[in-house]
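If you want the building blocks of each chain, they are given just below.
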Amino acid sequence: MSLQDSIMAAIKSAMKSKNSVALTALRSVKSAILIAHTSGSGSVMSEEDEFRLLQKLVKQRRDSANIFTEQNRLDLAEPELAEAAVISQFLPKMLEESEVEKVVIETINSLGASGMKDMGKIMGMASKQLSGVADGKTISNIVRNKLS
């Protein structure tokens, strides 16, 4: 079942259960997928592209929730976090920080990196290996810690 089909099934389920938060989140995902499909590339989105899109949507909601929390607007932050949780259901399980650290260490050892000047090479390799299962910020923080 493709992502678009599973989103549609989840929308139907949310409509039947009258879950407005899930319905809002799923409709925004459907909209983002349709926009990506009709953006002029003409090609079908790969599974990796779909996951990147979902990760972007989750990150947007978490960032918004953080801003709302900083401004003491919990009434606006809670729906954003709830929507992020709904969208996260369609993402693969993210790796723990210790697992990401192992991959980064292996990459550093294989490239023979010695300092911050090699960060770009390491980030490129590690990001490819961890695509879809770890976010870039986590990878970057671990690389910085290991190289400094």
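Please refer to the structure placed before this passage.
All of these numbers come straight from a predicted model, not from anything done at the bench.

**Topic: the nonpolar core**
Grouped together as the largest cluster of nonpolar side chains are 23 residues, with contacts concentrated most on Ile-7, Leu-26, Val-29, Leu-54, Ile-87 and Phe-90. Those elements that place two or more of their residues in this core are helix H1 (3-17), helix H2 (20-37), helix H3 (47-70) and helix H4 (74-88). Looking at this core, the element that brings in the most residues is H2, giving seven residues. With near-sequence residues (within four places) excluded, Leu-26 lies in contact with Ile-7, Ala-10, Ile-11, Ala-14, Val-86 and Phe-90. The next biggest cluster of nonpolar side chains, apart from the first, holds 15 residues, and it includes Val-104, Leu-130, Ala-134 and Ile-142.

**Brief notes about the packing of H2 against H3**
Between H2 and H3, the least distance of the axes is 11 Å, while the angle of their chain directions is 135°. Judged by the angle between their axes, H2 and H3 are oblique. Once H2 is placed against H3, the crossing between them reads as right-handed. Across from Ser-28, Val-29, Ala-32 and Ile-33 in H2, the residues of H3 making contact are Leu-53, Leu-54, Leu-57 and Arg-61. Here the contact of H2 with H3 is composed, by residue class, of six nonpolar, one polar and one charged.

Reading guide: rules and limits
- Residues numbered from 1 in each chain as written.
- Predicted model: local features only at pLDDT ≥ 70, side-chain atom pairs only at ≥ 80, totals over all residues.
- Heavy atoms only, no water.
- Core = buried A, V, L, I, M, F, W, Y, C linked by side-chain atoms within 4.5 Å.
- Buried < 20%, exposed > 50% of the residue type's maximum accessible area, 1.4 Å probe, protein only.
- Helix = DSSP H or I, 4+ residues; strand = E, 2+ residues; numbered from the N terminus.
- Contact = heavy atoms within 4.5 Å.
- Axes fitted to C-alpha atoms, helices over the stretch in contact; angles between N-to-C directions.
- Parallel < 35°, antiparallel > 145°, perpendicular 65-115°, else oblique.
- Left-handed = near helix turned anticlockwise from the far one by under 90°.
- Nonpolar A, V, L, I, M, F, W, Y, C, P; charged D, E, K, R; others polar.

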